[in-house]
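Below are the chains, spelled out letter by letter.
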Amino acid sequence: MSEPTIREPSDRFLQAVGALTLNWAVIETALDFCCAIVFHEFDGRKIEPEIPRSLGVKLKFLKRGLKDPRLAEVAAYGTDLIQELQNLKDSRHEVVHGALSGNAKEDTVVMLRVRYEKHAHRTSMHTVTADEVIAASNKALSFADPTIMLGVALFNIARPDDKMDNPFG
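Residues numbered from 1 in each chain as written. Predicted model: local features only at pLDDT ≥ 70, side-chain atom pairs only at ≥ 80, totals over all residues. Heavy atoms only, no water.

Draft legend 1. Broad picture of the pattern of salt bridges. On inspection of all chains with the given rule, the structure shows 12 salt bridges. D32 is the salt-bridge partner of K58, the closest N and O atoms lying 2.6 Å from each other. Of the two residues, K58 sits in helix α2 (residues 55-65) while D32 sits in helix α1 (residues 11-41), which places them 26 residues apart along the sequence. Looking at K58, the relative accessible area reads 4%, which means it is buried. In the salt-bridge network here, residues are joined through shared partners; they are E28, D32, K58 and R92. (Salt bridge = Lys/Arg side-chain N within 4 Å of Asp/Glu carboxyl O. Helix = DSSP H or I, 4+ residues; strand = E, 2+ residues; numbered from the N terminus. Buried < 20%, exposed > 50% of the residue type's maximum accessible area, 1.4 Å probe, protein only.)

Dropping the structure here:
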């Protein structure tokens, strides 16, 4: 008996996953910078005893941190941005934290996802297309520069005598 043949995702699908991963890496790196500033410069230990690591915790941490009165000038911008990122994170998670399940068909794959609840693990299967991943990647890319801008703004508030030029205006 011969080994079963597993059909791999298309190169287009794999490129889309790579682009999504890289675009979110820019966002996450900028969020890490934002979290570092809030944590070290704006009493972040009172919000969270440890430096936030996961995406969801980073977003919640920053949302709470932006309530500091010293950050009033960026609070609305930052809060709106964080809400948009919270809305987008599920599309990222569906791909990045999913596992291929079964045979891929052209630009379409079936993914297995495990979600954690307080006392249970929930699994689900969902279909993802290359077009959906490309759309999610493009959407993430549109939020990369605004997230960097938030970090620059936070830095400039924290260190007014050591201002950083904002590369995006």
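On we go from here.
Draft legend 2. Inspection of the nonpolar core at higher detail. One finds W24, I27, L62, L71, L85 and L154 to be the most contacted residues of the largest nonpolar core, which totals 39 residues. Counting only elements with at least two residues in this core, the list comes to α1, α2, α3 (72-96), β2 (108-116) and α4 (130-158). When residues of this core are assigned to their parent elements, the largest contribution, 11 residues, is made by α1. Those residues within four positions of I27 in sequence are excluded, and the remaining contacts are L85, A140, F143, A144 and T147. (Core = buried A, V, L, I, M, F, W, Y, C linked by side-chain atoms within 4.5 Å. Contact = heavy atoms within 4.5 Å.)

Draft legend 3. Local environment of the sheet that holds strand β3 (residues 121-129). One open sheet holds the three strands; their spatial order is β1-β2-β3, and the pairing between them is antiparallel. Either end of the sheet is taken by a strand with one partner, and the two such strands are β1 (99-100) and β3. Each of β2 and β3 is contacted by α3, which is oriented at about 110° to β2, the strand it contacts most. (Pairing = 2+ DSSP bridges. Axes fitted to C-alpha atoms, helices over the stretch in contact; angles between N-to-C directions.)

Draft legend 4. View of the state of the cysteines. By the definition in use, this model includes zero disulfides. C34 carries a free sulfur, and the closest cysteine sulfur to it, the one in C35, is 6.9 Å from it. A relative accessible area of 1% means that C35 is categorised as buried. (Disulfide = S-S within 2.5 Å.)

Draft legend 5. Quick peek at the packing of aromatic side chains. Within the structure shown, the criterion is met by two aromatic pairs. Residues F33 and F155 carry aromatic rings whose centres are separated by 6.3 Å and whose planes lie at 25° to one another, so their mutual orientation is stacked. With F33 in helix α1 and F155 in helix α4, this pair connects stretches of sequence that are 122 residues apart. Under the relative-accessibility criterion, F33 is labelled partly exposed at 32%. Seen in terms of ring centroids, F39 and F61 are 6.3 Å apart; in terms of plane orientation they differ by 45°. Their pairing is tilted. You can see F39 sitting in helix α1 and its partner F61 sitting in helix α2, a full 22 residues away along the chain. (Phe/Tyr/Trp six-rings, centres within 6.5 Å; stacked < 30°, edge-to-face > 60°.)

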